[in-house]
Amino acid sequence: MSDLNDERAEHDEHDERDGELHDGLLEEELRQAAAILDPVPAELRRTAVDAFVLHDLDARVAELTFDSLVDGIPVRGETDPPRMLTFQSDGVTVDVEVTAEGLIGQLLPPGPAGIEVLSGPREHARLTADDMGRFAGEAPPAGPFALRLRTGRAVVVTEWLRA
Amino acid sequence: MNGLLAVGTTRSTAYDGRSYTRGGTVDRADVGALVQSAADGDAAAWKSLVDGLGPLVWSVARSHGLSDADAHEVYQTAWFRFAQHLGRIREPEKTGSWLASTARHECLKLLKASKRWTPTDDPQLLDRPSEERTPEESVLDSEEAAAQTERVRLLWQEFEELGERCRQLLRVLISSPPPSYQEVSAALGIAVGSIGPMRQRCLRRLRARLEARGTK
């Protein structure tokens, strides 16, 4: 009886290892199929390589702390509400409102700043915040964008996201 | 007694082999060092990171049933954020998981946005493979390789017809080089411990489909 159990256990063990081997082979075959039929598109790889220029250890990153898409309560009847975004880094807050018509924003504490609208590694537009820290411009580019703000004291870059 | 002990030992070895020494762990050993070099200004190190981890990021975008355009944006956003956070990531050796989790959150956000604004926009319907042929595909089209092409297409077709959960898990698992289970966990928001059993079930389901079609 005990022998029989041992034998069965050994047999199961064998099947188990066999199955695992088969699984591994099938996974590998599937990996090759993915590399052929669904690879990273070449232009995307290039964009990611070019994105190296975006690293800047001196800039402060302003993290997204509010996004109406995630944190907002949908307003009934409004089909295309403006996207409200708030970015914060120590001591600096940037509020941005994006609609199909354009982008308006407020820098806090209020003050003048030069602003670049970044579309990936490329600069999309240049805006200026007035003495009250207000700025406005055309709608951000399709795809992910970020704002680089140069105030008198610091360079702040907002977290990347799609409008 | 001896028999039992032997079985126990074999089993734990097999388990270790499966969970902890997937190719990914070895291939990923240098990630921390590459991240450090890139943060110090080494563009070649950055390129190596893009080539080593890009397919993982892409697989996360592809596994969430997004449109092609949205998948492209997820991939880009993940890399732009990584460039922005280069030199600030607390555990550089876990960059694969960081990128996978960043991509996942972006996917969930886009899915939410498309549901809210375009309820009729079925991401599954939009998710058509690109018509453009890759160089690898063109090579496969040559006469000699016709049989292999057929086999690859059939395999992919059956893969795409698996249930959503299996398709999602396998799409990330088969990125190249093989991701670690930590990375898969970050990519899909599932516990590391459940990946092995799910993987086994999904691969066996796929094999059953292939057998039913008379291949393999």
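Residues numbered from 1 in each chain as written. Chains lettered and ligands numbered in written order. Predicted model: local features only at pLDDT ≥ 70, side-chain atom pairs only at ≥ 80, totals over all residues.

### Some thoughts on the pairing of strand β2 (residues 83-89) of chain A
Residue and element names in this part refer to chain A. Pairing geometry for strand β1 (residues 60-67) and β2, over four bridges, is antiparallel. Bridging across to β2, phenylalanine 66 finds its partner in threonine 86. Sheet analysis places β2 next to strand β3 (residues 92-98), joined by seven bridges and oriented antiparallel. Of the residues in β3, the one forming a bridge with arginine 83 is valine 98. Between β2 and β3, which pair antiparallel and follow one another directly, the connecting turn spans two residues, one of which, glycine 91, has a positive phi of 85 degrees. (Pairing = 2+ DSSP bridges. Helix = DSSP H or I, 4+ residues; strand = E, 2+ residues; numbered from the N terminus.)

### Concerning the environment of arginine 104 of chain B
Note that arginine 104 of chain B resides in helix α6 (residues 95-117). When near neighbours in sequence (up to four residues on either side) are disregarded, arginine 104 of chain B contacts Val60, Ala187, Leu188 and Gly189 of chain B. (Contact = placed C-beta atoms within 7 Å.)

### Describing the interface of chain B and chain A
Interface size, as often reported, equals the accessible area lost upon joining of the parts. Taken residue by residue, the interface counts 47 residues in chain B and 41 residues in chain A. Counting only elements with at least two residues in the side of chain B that touches chain A, the list comes to α1 (2-19), α4 (43-63), α5 (68-85), α6, α8 (135-140), α9 (146-160), α10 (164-173) and α12 (192-212) of chain B. The biggest single contributor to the side of chain B that touches chain A is α5 of chain B, with eleven residues. Across the side of chain B that touches chain A, the residue classes tally to 24 nonpolar, twelve polar and eleven charged. (Nonpolar A, V, L, I, M, F, W, Y, C, P; charged D, E, K, R; others polar.)

### A word on the confidence of the model for chain A
Taken as a whole, chain A shows an average pLDDT of 88; of its residues, 88% reach a score of 70 or greater. Per-element confidence in chain A is highest for helix α2 (residues 42-50) of chain A, whose mean pLDDT is 97, and lowest for helix α1 (residues 2-37) of chain A, whose mean pLDDT is 80. (pLDDT = per-residue confidence, 0-100.)

### Looking at the packing of α4 of chain B against α10 of chain B
Residue and element names in this part refer to chain B. Interaxial distance between α4 and α10 falls to 8 Å at its minimum, and their mutual angle equals 170 degrees. On the basis of the axis angle, α4 is roughly antiparallel to α10. Residues Ser59, Val60, Arg62 and Ser63 of α4 touch α10, and the partners they reach there are Gln168, Arg171 and Val172. Grouping the amino acids of the contact of α4 with α10 by side-chain chemistry returns two nonpolar, three polar and two charged. (Axes fitted to C-alpha atoms, helices over the stretch in contact; angles between N-to-C directions. Parallel < 35°, antiparallel > 145°, perpendicular 65-115°, else oblique.)

### Remarks on the nonpolar core
Residue and element names in this part refer to chain B. By size, the foremost hydrophobic cluster in this structure holds 76 residues, and its most contacted members are Val57, Val60, Ala61, Val74, Tyr75, Leu99 and Ala103. In terms of residue count, α4 provides more of this core than any other element does, nine residues in total. Ignoring any residue separated from it by four or fewer positions in sequence, one finds alanine 61 in contact with Leu66, Ala71, Val74, Tyr75, Ala103 and Cys107. (Core = buried A, V, L, I, M, F, W, Y, C linked by C-beta atoms within 7 Å. Buried ≥ 20, exposed ≤ 12 C-beta atoms within 10 Å, placed from the backbone.)

### Examining helix α11 (residues 181-188) of chain B
Residue and element names in this part refer to chain B. Counting buried positions over the eight residues of α11 gives seven, a clear majority of the element. Listing the buried residues of α11 in full gives Tyr181, Glu183, Val184, Ser185, Ala186, Ala187 and Leu188. Looking one or two residues beyond α11, the residue adopting positive phi is glycine 189, at roughly 65 degrees.

### Remarks on unusual backbone geometry
Residue proline 109 of chain A is reached from leucine 108 of chain A by a cis peptide bond, and omega for that bond is -5 degrees. In this structure, proline 109 of chain A sits in the loop between β4 (102-108) and β5 (113-119).

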